[in-house]
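Analysis of the macromolecular model
These are the residues of each chain, in order.
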Amino acid sequence: MAFSDAIFAIIITLLVLDLRVPDVPPGRLLSGLLQQWPSYVAYLASYSYVAVVWLNHKAAFNRIKQVDRGLHWMNLFVLFSTALLPFPTIVVSDALQEHNNTDQRVAVAFYALIGALLCATWLAFYHYLAHNPDLLKEQVRDSFFRAERVRALTGVVLYVLAGLVGYLAAPLIGLAIFVLLPVFYAITSAGLYHSRVTRGITHRSPPPT
């Protein structure tokens, strides 16, 4: 866990390095800062994503009593894909500031690809735990990580859709989706059926007949 936390800390540090003082003439600092808005939005999207990955990581390992070689590999895959995020973040930021529509579409599609890859590694992580219940703490239901695969698969689908929308329609719409997607994962970071929102939906009383 200490190794994983260190990786997350490094990733967040790399994200902030793309925020820099604009190279503008004296008296134009405010306009220069405002023109860098794509950097701020891209940073927000990626920082939020890394934050919820960290929350998911904590929630998952709080339910694990022991780790075998296979789970170590699954964890390394999650860290590998998370560590890629600073690169597409910079690509999106630079493309949006250059105002070239073709490059913007490619940049958003590239970010979506990395986002979907990260969700796919979580899908493999949850799949492994679902098939190795002996690694879990006794109070954890066997069905928990089977259900968590739905969250991961949902992320794959949504990031692919965001990439398609950004590439085929409008890059800014894709970017907006990237900012909103971590909200879903933040709400459900303790499990799909453990948040107040999802409990209210799944445990709602049936309408009277």
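Refer to the structure above for everything that follows.
We now turn to the structure provided with this report. (Residues numbered from 1 in each chain as written. Predicted model: local features only at pLDDT ≥ 70, side-chain atom pairs only at ≥ 80, totals over all residues. Heavy atoms only, no water.)

Residues lying three or four places apart along an α-helix face the same way, a consequence of the helix completing one turn every 3.6 residues. For helix H6 (residues 101-130), spanning 30 residues, the distance from its first C-alpha to its last is 43 Å, which sits close to the expected 44 Å at 1.5 Å a residue. The N-capping residue of H6, defined by a side-chain oxygen 3.1 Å from the backbone nitrogen of threonine 102, is asparagine 100. (Helix = DSSP H or I, 4+ residues; strand = E, 2+ residues; numbered from the N terminus. Expected span 1.5 Å × (residues − 1). Polar contact = N/O pair within 3.5 Å; in protein donor to acceptor, adjacent residues only side chain to side chain.)

Moving on, we get to the nonpolar core. Formed by 46 residues in total, the largest nonpolar core has its most connected members in Tyr49, Phe125 and Phe178. Counting only elements with at least two residues in this core, the list comes to helix H1 (2-16), helix H3 (37-61), helix H4 (69-83), helix H5 (86-98), H6, helix H7 (143-168) and helix H8 (171-187). With 14 residues, H6 is the largest single contributor of residues to this core. Apart from residues lying up to four places away in sequence, tyrosine 49 is in contact with Leu85, Tyr111, Gly115, Leu118, Cys119, Tyr159 and Pro182. (Core = buried A, V, L, I, M, F, W, Y, C linked by side-chain atoms within 4.5 Å. Buried < 20%, exposed > 50% of the residue type's maximum accessible area, 1.4 Å probe, protein only. Contact = heavy atoms within 4.5 Å.)

Turning our eyes to something else, we now look at the packing of aromatic side chains. Taken as a whole and assessed by the stated rule, the structure comprises 12 aromatic pairs. Here the aromatic rings of tryptophan 122 and phenylalanine 125 are separated by 5.2 Å at their centres, their planes lie at 75°, and the arrangement is edge-to-face. With tryptophan 122 and phenylalanine 125 both in helix H6 and 3 residues apart, this pair spans about one turn of that helix. With respect to burial, tryptophan 122 and phenylalanine 125 carry one shared label: buried. Three or more aromatic residues joined by ring pairs form one cluster here, namely Phe61, Trp122, Phe125, Tyr126, Phe144 and Phe145. (Phe/Tyr/Trp six-rings, centres within 6.5 Å; stacked < 30°, edge-to-face > 60°.)

What follows covers the environment of glutamine 104. If you trace the backbone, glutamine 104 turns up in helix H6. Overall, glutamine 104 belongs to the buried group, its relative accessible area being 12%. It is 8.7 Å that separates the C-alpha atoms of glutamine 104 and leucine 172, two residues lying 68 residues apart in sequence. With near-sequence residues (within four places) excluded, glutamine 104 lies in contact with Ala95, Leu96, His99 and Pro171.

According to the stated counting rule, one finds 4 salt bridges in the structure shown. In this structure, aspartate 5 and lysine 58 form a salt bridge, with 3.1 Å as the shortest nitrogen-oxygen distance. Here the residue aspartate 5 occupies a position in helix H1, and lysine 58 occupies one in helix H3, the gap between them amounting to 53 residues. For lysine 58, a relative accessible area of 25% gives the class partly exposed. Glutamate 148 is the partner of arginine 151 in a salt bridge, and the nearest nitrogen-oxygen pair spans 2.8 Å. Pair noted here: arginine 151 and glutamate 148 are both in helix H7, with a separation of 3 residues, about one helical turn. Exposure remark for arginine 151: the relative accessible area of 1% places this residue in the buried category. Taking the relative accessible area as the measure of exposure, glutamate 148 reaches 3% and is therefore buried. Among the ionic contacts, a cluster of salt bridges with common partners joins Asp18, Arg20 and Asp94. (Salt bridge = Lys/Arg side-chain N within 4 Å of Asp/Glu carboxyl O.)

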